[in-house]
2 protein chains.
Amino acid sequence: MNTHELIQELREKNGSKIVLFVADGLGGLPLTPGGLTELETAKTPNLDACAKVGVTGLSLPVLPGITPGSGPGHLGLFGYDPLEYRIGRGILEALGINFQVTAKDVAIRGNFCTLGADGKITDRRAGRPTTERCVEIVNKLRTIKVPGCELFVEPVKEHRFVLVVRGEGLGDKVNDTDPQAVGVTPLPAKGADPASQKTADLINQFIAKANEVLKADAPTNGLTLRGFASQPQIISFPELYGMRSAALAVYPMYRGLARLVGMDILDAGDSLGSQVAKLKEVWNDYDFFFLHYKYTDSTGEDGNFPAKVQMIERFDAIIPEVRALKPDVLIVTGDHSTPSKMKSHSFHPVPTLLVADDVRTDEVTEFGERNCLRGGLGQFQAMHLMLLAMAHAGRFGKYGA
Amino acid sequence: MNTHELIQELREKNGSKIVLFVADGLGGLPLTPGGLTELETAKTPNLDACAKVGVTGLSLPVLPGITPGSGPGHLGLFGYDPLEYRIGRGILEALGINFQVTAKDVAIRGNFCTLGADGKITDRRAGRPTTERCVEIVNKLRTIKVPGCELFVEPVKEHRFVLVVRGEGLGDKVNDTDPQAVGVTPLPAKGADPASQKTADLINQFIAKANEVLKADAPTNGLTLRGFASQPQIISFPELYGMRSAALAVYPMYRGLARLVGMDILDAGDSLGSQVAKLKEVWNDYDFFFLHYKYTDSTGEDGNFPAKVQMIERFDAIIPEVRALKPDVLIVTGDHSTPSKMKSHSFHPVPTLLVADDVRTDEVTEFGERNCLRGGLGQFQAMHLMLLAMAHAGRFGKYGA
């Protein structure tokens, strides 16, 4: 029996409420050996209070040593094995611009490029056009029709756009048309199987028409495509856990990831304050709430240690408002670590805390990386976190007699 | 996606150096309850210094409670699931005498035995001949030719030898001819599938000729065979990790295990001093270095607690010379525990430390079993150690976007 079968066998409904509050990139590193991490430096009286009454531990997003992107990081937290379910680049790019992907879609990342008179690429990024120019070119491409499918072209930024092909039976095993070099022509699309060849045929027609439409628009007179991807076939989160599930996230990417697993996406405004206001408003309408906070990650990515400390303190300050709702289970964790020292996502385990009535408390009274090492949850795989959430919410029956 | 596919997808080259220093059978037990283990007793200022700036933990060679032999112990450390990849007894015996096994070989452990006039076994160890006598008998067996294969007969010790059959399409699913009893005849070899029957046919011809050649040589006038084994089909370590990889080991068995996974086997002399001298010499020629130290295991096997303590201190003394080379990642661990108290390999988790720039240090400042329990690596499966090595060396890209 796999874990998802087990969950569906054991799950029960009991009216309890679970809040999963993800501080993106929460874990960190000291700047100097033996020093304090961002979380250990931050003054977090409210998280410390949670650690004191709750249980703590460290979450391994994928496997020891593996640094995840946001996609696998969140899939793990939602209880999907990130090595089994993969979100392709095209899908992730589409999620990031809030495009609502369907099961009939193949999503693709596009780059505008400059083609010479001989059709060879002279600039892979088309001289980095402005985003306004990107929108103009995209509007031209939107005039293109290809029989047998619907096409969606969406601007992203500068030379980047998203192309989505919607149709019946379209496969995503199609090569990148981007040759990753100048002085050569873009590659024709080819499918690795009949369904993917169907996609490739449609795409090749689109490309031919696009080259015609854009021919007078040098330096943005050509395009390359990569990361062809369909939605992963995934059981929906509400179906898996039997919970009405809502996502309250500010950034499109995380709303998109939550939509991908079938959560309801609520308009949560643009700040922790508006997210929690919405949480209060819909408290009676849902069983499970996914809240996402971005700035612990973005400040880490910037390599700005003091800013990350400040963003953690801001995050800490909202915690009492969430606890005031008396969720049966409150979990605070991250989808991965983003140490300012490394200016990137990292593989280091992620500090995690869980507050509920029936936790077996540990001796941890402050929320931080080193303290969590002594936590009652130990080091665990992120994909098992939802099992702990369901259990502490009393939403699992006994396995076997 | 399995772990090896993941590794190959994420690996990157960056010129970093990784040293995996294996003190065989490193972990131990106190002689009396509550006492200190060998490692805790030993004065190890240099390992303690590593523990202070690095991260520590405990490695589980296979699964909790499972005691590994040297083969599975090392496969795990090299990142191969020891439950998936098995090294047959014949192969291990061949590795132990430095025989260079190829993909066309079936290797077999042989025992000389004494046969009565009726062909029945009267002594399963042929009266324990001297090793010199073993060599003489082996030389006689080397005269035997069997059409359709190459045969190699190698002396081991006393009544033991190794037989290797080399040919095309030879299977290793062949029963032991050793009946594990006296008063009965050796069993004929039978193959469980056509390829293995091919091996069995060749072996039965060899046995018939051997009985003829040895008939006047009682008590060493017969032989039994067991542990038929081909090389496991295994992706090579350098290919898997994309690293030029060298083994510096004194004992043939460990050179053999490293050769099995495709490392370059260097002449490392016969001591820690010569191993480290060679390490310095070839420092620029490789990315990964496997160093093996035997005496922590052999003194444990002898049940000699003070000798094991001394061997650990000798091991500790060489550490500064290795650190002076400034490896990007230095790992010290064992392939299993060998408590002197038990005089054997054991299942107890193995103290492990990792020193690198981006380690998240823990509060452990002394290297020992109890301290490692508080270590940042927690208790982890040995087969994940190389993931941590690669990650800390900056040799992994991000998984997913």
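Residues numbered from 1 in each chain as written. Chains lettered and ligands numbered in written order. Predicted model: local features only at pLDDT ≥ 70, side-chain atom pairs only at ≥ 80, totals over all residues. Heavy atoms only, no water.

- The name recorded for chain A in an unreviewed UniProt entry is Phosphoglycerate mutase, from Limnoglobus roseus.
- Under the heading Sequence similarities (unreviewed entry), UniProt records this for chain A: "Belongs to the BPG-independent phosphoglycerate mutase family. A-PGAM subfamily."
- We quote the UniProt Pathway (unreviewed entry) comment for chain A here in full: "Carbohydrate degradation." (UniProt positions renumbered as here; feature names shortened; annotations may be inferred.)

**Here's the deal with the domain arrangement of chain A**
Residue and element names in this part refer to chain A.
Argument step 1. You can read the domains of chain A as domain 1 (3-87 + 234-392) and domain 2 (91-230).
Argument step 2. Using C-alpha coordinates to define each centre, domain 1 is positioned 35 Å away from domain 2.
Argument step 3. Carbon and sulfur atoms make up 65% of the surface buried where domain 1 meets domain 2, a total of about 760 Å² over both sides.
Argument step 4. The largest share of the area that domain 1 buries against domain 2 comes from Ile87, Met253 and Arg259, three residues that together contribute 57% of it.
Argument step 5. At the junction of domain 1 and domain 2, the tally comes to zero salt bridges.
Argument step 6. Summed over the shared surface of domain 1 and domain 2, the result is zero residue pairs in polar contact (both at pLDDT 80 or more).
Argument step 7. The leading source of residues in the side of domain 1 that touches domain 2 is helix H9 (residues 252-260), at seven residues.
Argument step 8. Its residues assigned to classes, the side of domain 1 that touches domain 2 shows five nonpolar, two polar and two charged. (Domains from an automatic or database assignment. Buried area = accessible area lost by both parts, 1.4 Å probe. Salt bridge = Lys/Arg side-chain N within 4 Å of Asp/Glu carboxyl O. Polar contact = N/O pair within 3.5 Å; in protein donor to acceptor, adjacent residues only side chain to side chain. Helix = DSSP H or I, 4+ residues; strand = E, 2+ residues; numbered from the N terminus. Nonpolar A, V, L, I, M, F, W, Y, C, P; charged D, E, K, R; others polar.)

**Some thoughts on a nonpolar patch on the surface**
Residue and element names in this part refer to chain B.
Argument step 1. On the surface, a nonpolar cluster with roughly 260 Å² of combined accessible area is contributed by Leu63, Ile66 and Leu83.
Argument step 2. Residue position: leucine 63 is located in the loop between strand E2 (55-60) and helix H4 (70-77).
Argument step 3. Take leucine 63: its relative accessible area is 40%, and that puts it in the partly exposed class. (Patch = residues over 30% accessible without salt bridge, like charges linked within 9 Å, V, L, I, M, F, W, Y side chains within 5 Å. Areas by Shrake-Rupley, 256 points an atom, 1.4 Å probe, with all protein chains shown as cover. Buried < 20%, exposed > 50% of the residue type's maximum accessible area, 1.4 Å probe, protein only.)

**Some thoughts on the interface of chain B and chain A**
Argument step 1. The interface is formed by 28 residues belonging to chain B together with 32 residues belonging to chain A.
Argument step 2. Between chain B and chain A the total buried area reaches about 2,400 Å² when both faces are included, carbon and sulfur atoms providing 60% of it.
Argument step 3. Looking only at chain B, the three residues that lose the most surface to chain A are B:Arg360, B:Tyr399 and B:Ala401, adding up to 36% of its buried area.
Argument step 4. Summed over the shared surface of chain B and chain A, the number is two salt bridges.
Argument step 5. Note that B:Asp358 is salt-bridged to A:Lys341, the shortest N-O span being 3.2 Å.
Argument step 6. Where chain B packs against chain A, one counts 15 residue pairs in polar contact (both at pLDDT 80 or more).
Argument step 7. Taken together, the residues that form the side of chain B that touches chain A break down as eleven nonpolar, nine polar and eight charged. (Contact = heavy atoms within 4.5 Å.)

**Side note on the relation of the copies chain B and chain A**
Argument step 1. Expressed as a screw transformation, the operator carrying chain B onto chain A has a rotation angle of 125° and an axial translation of 0.1 Å, and the superposed copies differ by an RMSD of 0.2 Å. Interpreted geometrically, this transformation is the action of a three-fold axis. Among all residues of chain B, the one whose C-alpha sits closest to the rotation axis is B:Arg374, at a distance of 4.0 Å. (Least-squares fit on C-alpha atoms with pLDDT ≥ 70 in both.)

**Describing the pairing of strand E5 (residues 150-157) of chain B**
Residue and element names in this part refer to chain B.
Argument step 1. Two elements, E5 and strand E6 (residues 160-166), share seven bridges in a ladder whose sense is antiparallel. Each bridged residue has a counterpart across the sheet, and for glutamate 150 the counterpart in E6 is arginine 166.
Argument step 2. If you look at the hairpin formed by E5 and E6, you'll find two residues sitting between the two strands, and glutamate 158 has a positive phi there, around 50°. (Pairing = 2+ DSSP bridges.)

**Quick word on the sheet that holds strand E12 (residues 350-356) of chain A**
Residues and elements named next belong to chain A.
Argument step 1. As summarised here, the arrangement of the eight strands in space is E9-E8-E10-E1-E11-E12-E2-E13, forming an open sheet in which the pairing is mixed. Two strands lie at the open edges of the sheet, namely strand E9 (264-265) and strand E13 (378-381), each paired on one side alone.
Argument step 2. Pairing geometry for strand E8 (residues 245-249) and strand E10 (residues 288-293), over five bridges, is parallel. Note on E10: the bridge partner recorded for alanine 249 is histidine 292.
Argument step 3. Set on the sheet, helix H4 (residues 70-77) makes contact with strand E1 (18-23), E10 and strand E11 (329-333); between it and E1 the angle comes to about 155°.
Argument step 4. Across the sheet, helix H10 (residues 272-282) touches E1, E8 and E10, and the angle it forms with E10 is around 175°. (Axes fitted to C-alpha atoms, helices over the stretch in contact; angles between N-to-C directions.)

**Some points on the side chain of B:Arg395**
Residue and element names in this part refer to chain B.
Argument step 1. Position of arginine 395 among the secondary structure elements: in the segment after helix H14 (385-392).
Argument step 2. Assessed through its relative accessible area of 1%, arginine 395 is described here as buried.
Argument step 3. Setting aside anything within four residues of it in sequence, one finds arginine 395 in contact with Leu10, Arg11, Glu12, Lys13, Asn14, Gly15, Ser16, Ile18, Gly242, Met243, Asp287 and Met390.

**What about the pattern of salt bridges?**
All names here are of chain A.
Argument step 1. In this structure the tally under the stated criterion is 38 salt bridges over all chains.
Argument step 2. Lysine 215 is the salt-bridge partner of glutamate 212, the closest N and O atoms lying 2.7 Å from each other.
Argument step 3. For glutamate 212, a relative accessible area of 48% gives the class partly exposed.
Argument step 4. When its relative accessible area of 57% is taken as the criterion, lysine 215 is described as exposed.
Argument step 5. Arginine 244 is the partner of aspartate 287 in a salt bridge, and the nearest nitrogen-oxygen pair spans 3.0 Å. Here arginine 244 lies in the loop between helix H8 (237-241) and E8 and aspartate 287 lies in the loop between H10 and E10, a separation of 43 residues in the sequence.
Argument step 6. Residue aspartate 287 is classed as buried on the basis of its relative accessible area of 8%.
Argument step 7. Beyond isolated ion pairs, a larger network of salt bridges with shared partners links Arg133, Glu136, Lys140 and Asp217.

**Focus: the sheet that holds strand E12 (residues 350-355) of chain B**
Residues and elements named next belong to chain B.
Argument step 1. Spatial ordering of the open sheet is given by E9-E8-E10-E1-E11-E12-E2-E13, a layout of eight strands whose pairing is mixed. The sheet is open, and its two edges are formed by strand E9 (264-265) and strand E13 (378-381), each paired on a single side.
Argument step 2. Running at roughly 65° to E12, helix H3 (residues 45-53) makes contact with E2, strand E11 (329-333) and E12 of the sheet.

**A word on the environment of A:Gly227**
Residues and elements named next belong to chain A.
Argument step 1. On the secondary structure map, glycine 227 appears in strand E7 (residues 222-230).
Argument step 2. A sequence separation of 117 residues divides glycine 227 from glycine 110, and the C-alpha atoms of the two residues are 8.8 Å apart.
Argument step 3. The contact partners of glycine 227, leaving out residues within four places of it in the chain, are Arg89, Gly90, Ala107, Ile108 and Asp176.

**Structural notes on the environment of A:Thr41**
All names here are of chain A.
Argument step 1. Along the chain, the position of threonine 41 falls in helix H2 (residues 38-41).
Argument step 2. You can call threonine 41 partly exposed: its relative accessible area is 33%.
Argument step 3. When the C-alpha positions of threonine 41 and valine 309 are compared, they lie 6.7 Å apart, and in sequence the two are 268 residues distant.
Argument step 4. Dropping the residues within four chain positions of it, threonine 41 is found in contact with Leu36, Phe305 and Val309.

**As for unusual backbone geometry**
Argument step 1. Geometrically, the link from A:Ala218 to A:Pro219 is a cis peptide bond, its omega value of 10° lying close to zero.
Argument step 2. Along the chain, the position of A:Pro219 falls in the loop between helix H7 (194-213) and E7.
Argument step 3. Phi at A:Glu158 takes a positive value of approximately 50°, unusual for a residue other than glycine.
Argument step 4. Within the secondary structure, A:Glu158 sits in the loop between strand E5 (150-157) and strand E6 (160-166).
Argument step 5. A residue is classified by how much of its surface remains accessible, and A:Glu158, at 28% relative accessible area, is partly exposed.
Argument step 6. In this model, B:Ala126 sits at a positive phi of 50°, which is unusual for a non-glycine residue.
Argument step 7. Along the chain, B:Ala126 falls in the loop between strand E4 (121-123) and helix H6 (131-141).
Argument step 8. Judged by its relative accessible area of 1%, B:Ala126 falls in the buried class.

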